[in-house]
Amino acid sequence: MSDHQIDYHNWKPKHNPWLVALTVTIATFMEVLDTSIANVALPHMAGSLGASQEEATWVLTSYLVSSAVVLPISGWLATRFGRKRFYMACVLLFTICSFLCGIAQSLPMLILARVLQGAGGGGLAPSEQAILADTFPVSKRGQAFAVYGMAVVVAPAIGPTLGGWITDNFNWHWIFFINIPFGALSLFLSQRMVEDPPYLKEEQKKIRKVDSVGLGLICLGVGCLEFVLDKGQEKDWFGDTKITVFFIIALCALITFAVWEWNHEDPVVDLKLLKVRNFGTAIFLQFILGMVLFGTTVLIPQFLQVLMGYTAELAGMALSPAALVMMVMMPIAGRLVSKMDARLLVSIGYAITALGLYNLTRLDLETSFGTIILWRMFQVSGLAFVFIPISTLNYVGVPFNKNNQISSFSNFARNLGGSVGTALLTTFLQRTQQVHQSALGANVVAGSPRYLDFLETTKQSLMRLGQNSDQATQAALGHAYQMLVQQSSMLSYVNAFWGLSIIIACLVPLPFIMRKPPAMRKPPGEAMGH
């Protein structure tokens with residue numbers, strides 16, 4: 001073992017580490033862009049393929065389910081087949097399936113291509129983070145993850161706008177064809193720049209027979225769980241038999257998987273890593289980060305479009321400046337990670353995020369476009385101080401030969417957090433909106449002077465526009481009801497921001513549960529590299 005330790009610490013990549021970082025960032029950008037670019041084009045896809053809007057949502061769901069299944073097992077796959085080989089296979093699969101999505105002439109063909117594309121996309125992020133962790137010395141990891149993080153932030157910000165522009169000016173097929181040059185460039189550079197470190201080649205030789213039971217259980221459990229989270233709100237959760245059955249299958253499969261893997265000598269997912277205090281805490285923080293990041297990215301555009309009447313493009317433009325803020329903050333956080341206590345940075349990040357979410361509780365139907373942009377910029381400004389330190393803390397105190405497992409575990413936790421956060425928030429919005437509507441409706445007294453005065457004023461305005469008395473009366477009542485629904489919806493959004501703010505504020509002291517990372521103290525040999 002000591003020989004391997006020496007090999008590892010003396011090993012350096014043949015190429016400049018920053019060129020390796022840029023190489024893996026291309027595929028990151030391509031994959032993350034694809035998850036957001038398709039959303040805008042759904043109505044166009046449904047129309048041209050003769051499908052309903054609900055059927056068309058399977059274009060998104062199929063990708064998410066497939067990607068979620070591959071994420072937790074990608075660490076094991078990368079170790080078994082060689083990380084470079086697995087990574088390039090994922091890029092190739094993603095690129096070929098992008099072409100198949102683009103030429104699809106029916107919905108079943110498009111969904112099948114998206115399933116395969118999701119399998120390729122799910123393996124990319126964990127492999128990329130593990131490659132960065134092995135390529136850079138500990139003191140430079142923060143800056144490397146900052147480059148990677150910038151792609152993760154920028155792609156979803158420009159995705160809806162780019163998707164809208166391509167769909168309007170060309171057609172929806174081109175939102176998939178755009179991946180092909182990125183994929184080809186990524187394959188060419190990965191072949192030249194990326195390499196497996198010596199310890200990984202040794203690990204590859206040690207792999208014993210395939211844990212087929214573990215593989216089967218996690219694919220079944222995660223696939224069913226992702227389906228429940230994605231379709232639960234649409235189907236009224238456990239009021240729907242299909243959702244209930246899928247949830248029971250997911251629960252049984254995942255519990256059995258956890259017991260099986262804990263006792264397996266060569267597990268697909270090494271659950272015993274969670275016993276390492278720093279890693280276990282970092283995984284929980286990644287999960288919450290996913291909830292906030294994905295949840296608010298759904299919540300704010302929805303508020304702007306549903307309640308304030310913004311177009312999808314305008315709602316996207318309201319979020320885009322916030323991505324620029326995170327782009328600026330990522331390198332700053334990357335540099336600070338090697339100079340400050342990473343736990344303190346995470347706490348500061350959560351404190352800023354909690355304040356930003358609390359600030360969003362001031363949103364109302366009169367808030368200007370510029371104010372929304374500024375508030376969103378403030379809300380995301382702290383996330384870089386969470387994303388970068390947690391990405392580096394993941395690897396502290398865990399054997400380096402587990403880097404593949406750590407990357408897949410942490411990415412899975414963040415993505416699962418995103419799915420859970422989005423599902424919970426959409427359900428919370430709908431349920432609290434009904435509560436507020438009942439409460440506000442109870443305060444409307446049919447014979448009150450103010451209510452009658454409002455109806456009369458509205459009626460007179462409508463009659464001046466050419467409506468007769470009966471039409472104007474009905475329209476005035478309809479307008480009053482519409483205002484009631486609008487106000488109750490707005491209150492439910494405010495409650496959601498309140499809830500998120502309180503949850504994040506409770507996490508501020510949590511990073512200090514972790515031990516102070518020895519890597520941050522910079523041992524004497526660290527300055528010289530690996």
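Residues numbered from 1 in each chain as written. Predicted model: local features only at pLDDT ≥ 70, side-chain atom pairs only at ≥ 80, totals over all residues. Heavy atoms only, no water.

**Observations regarding the overall build of the chain**
Across its full length, the chain carries 20 helices and 0 strands. Of all 530 residues assigned to the chain, the portion counted as buried reaches 55%. The long-range share in the chain, meaning contacts at least 24 apart out of those at least 6 apart in sequence, stands at 84%. In the form shown here, the chain has an accessible surface area of approximately 23,000 Å², with 66% of it arising from carbon and sulfur atoms. (Helix = DSSP H or I, 4+ residues; strand = E, 2+ residues; numbered from the N terminus. Buried < 20%, exposed > 50% of the residue type's maximum accessible area, 1.4 Å probe, protein only. Contact = heavy atoms within 4.5 Å. Areas by Shrake-Rupley, 256 points an atom, 1.4 Å probe, with all protein chains shown as cover.)

**Re helix α15 (residues 342–359)**
Across its 18 residues, α15 extends 26 Å between first and last C-alpha, which sits within 8% of the 26 Å expected from 1.5 Å per residue. Those residues of α15 that fall on the buried side of the exposure criterion are A342, R343, L345, V346, S347, G349, Y350, T353, A354, G356, L357 and N359. (Expected span 1.5 Å × (residues − 1).)

**A word on the pattern of salt bridges**
Following the criterion strictly, the structure yields 2 salt bridges and no others. Residue R343 pairs with D341 through a salt bridge whose shortest N-O separation is 2.8 Å. Residues R343 and D341 agree in their burial class; the two are buried. (Salt bridge = Lys/Arg side-chain N within 4 Å of Asp/Glu carboxyl O.)

**Observations concerning the nonpolar core**
Within the largest apolar cluster, 118 residues are counted, with the highest numbers of intra-cluster contacts made by L304 and Y350. Ranked by residues supplied to this core, first place goes to helix α13 (residues 277–306) with 12 residues. Formed by 27 residues, the second largest nonpolar core is a distinct cluster that contains M45, L49, A51 and L60. (Core = buried A, V, L, I, M, F, W, Y, C linked by side-chain atoms within 4.5 Å.)

**Looking at the packing of helix α5 (residues 83–103) against helix α9 (residues 179–193)**
Two quantities define a packed helix pair, namely the angle between the helix axes and the distance between the axes. At a minimum axis distance of 9 Å, the contact between α5 and α9 shows a crossing angle of 160°. Considering the angle they form, α5 stands roughly antiparallel to α9. As for the relative orientation of α5 and α9, their crossing is left-handed in sense. Residues K84, Y87, M88, V91, L92, F94, T95, S98 and F99 of α5 form the contact with α9, whose participating residues are N179, I180, G183, A184, S186, L187, S190 and Q191. Of the residues assigned to the contact of α5 with α9, the class counts are 9 nonpolar, 7 polar and 1 charged. (Axes fitted to C-alpha atoms, helices over the stretch in contact; angles between N-to-C directions. Parallel < 35°, antiparallel > 145°, perpendicular 65-115°, else oblique. Left-handed = near helix turned anticlockwise from the far one by under 90°. Nonpolar A, V, L, I, M, F, W, Y, C, P; charged D, E, K, R; others polar.)

**Describing the side chain of S98**
On the secondary structure map, S98 appears in helix α5. A relative accessible area of 0% places S98 in the buried class. Side-chain polar atoms of S98 contact the side chain of Q117, separated by 2.9 Å. Once you skip the residues sitting within four places of it in the chain, S98 turns out to touch Q117, F176 and N179. (Polar contact = N/O pair within 3.5 Å; in protein donor to acceptor, adjacent residues only side chain to side chain.)

**Here's the deal with the packing of aromatic side chains**
This structure, assessed with the given rule, holds 10 aromatic pairs. Judged by centre distance (5.2 Å) and plane angle (80°), the rings of W174 and F177 are edge-to-face. Residue W174 and its partner F177 are both found in helix α8 (residues 174–177); the two are separated by 3 residues, about one turn of the helix. For W174, a relative accessible area of 46% translates into the label partly exposed. The interplanar angle of 65° and the centroid separation of 5.2 Å between the aromatic rings of F238 and F247 together place this pair among those described as edge-to-face. Given a relative accessible area of 49%, F238 falls into the partly exposed group. Put simply, the rings of F99, F170, W174 and F177 touch in pairs and so form one group of aromatic residues. (Phe/Tyr/Trp six-rings, centres within 6.5 Å; stacked < 30°, edge-to-face > 60°.)

**Overview of a nonpolar patch on the surface**
On the surface, a cluster of nonpolar side chains totalling about 250 Å² of accessible area is made up of L93, L112 and L116. You can see L112 is positioned in helix α6 (residues 107–135). (Patch = residues over 30% accessible without salt bridge, like charges linked within 9 Å, V, L, I, M, F, W, Y side chains within 5 Å.)

**Observations concerning the packing of helix α4 (residues 58–81) against helix α11 (residues 212–231)**
Packing of α4 against α11 brings their axes to within 9 Å, and their N-to-C directions diverge by 145°. Judged by the sense of rotation from one axis to the other, the crossing of α4 with α11 is right-handed. Packed against α4, whose contacting residues are W58, T61, L64, V65, A68, V69, P72, I73 and W76, the element α11 presents L215, I218, C219, V222, G223, E226, F227, D230 and K231 at the interface. Broken down by class, the residue content of the contact of α4 with α11 amounts to 13 nonpolar, 2 polar and 3 charged.

**Concerning the environment of I388**
Mapping I388 onto the fold places it in helix α17 (residues 384–393). Sequence-wise, I388 and V337 are 51 residues apart; in three dimensions their C-alpha atoms are separated by 7.6 Å. Those residues in contact with I388 that lie beyond four places of it in its chain are G142, F145, A146, M330, A333, G334 and V337.

**Considerations on the confidence of the model for the chain**
Summarising the model, the chain shows a mean pLDDT of 79, and 87% of its residues fall at 70 or more. Looking across the chain, the model is least confident in helix α1 (residues 2–10), with a mean pLDDT of 47, and most confident in α5, with 91. Confidence drops under pLDDT 50 across residues 1–8; counting only partners more than four residues distant or on other chains, this segment forms 9 contacts. Below pLDDT 50 for its whole length, residues 519–530 participates in 23 contacts with residues either more than four positions away or in separate chains. (pLDDT = per-residue confidence, 0-100.)

**Digging into the environment of S419**
Summarising the element assignment, S419 is placed in helix α18 (residues 403–442). Look at S419 and you get buried, because its relative accessible area is 15%. Separated by 190 residues in the primary sequence, S419 and L229 have C-alpha atoms spaced 6.3 Å apart. With residues up to four places along the chain from it excluded, the contact list for S419 reads E226 and L229.

**Quick look at the environment of T25**
Along the chain, T25 turns up in helix α2 (residues 17–49). We classify T25 as buried; its relative accessible area is 12%. C-alpha separation for the pair T25 and V147, spaced 122 residues apart in sequence, amounts to 7.4 Å. Non-local contacts of T25, meaning those with residues more than four positions away in its chain, are made with V147, Y148 and A151.

**Re the side chain of E31**
Checked against the element boundaries, E31 lands in helix α2. Of the side chains bearing the opposite charge, R114 lies closest to the buried E31, which forms no salt bridge; the N-O distance is 8.3 Å. For E31, the side chain forms a polar contact with the side chain of Y63, separated by 2.7 Å. Those residues in contact with E31 that lie beyond four places of it in its chain are Y63, F94, G121 and L124. (Lys, Arg positive; Asp, Glu negative; His and termini not counted.)

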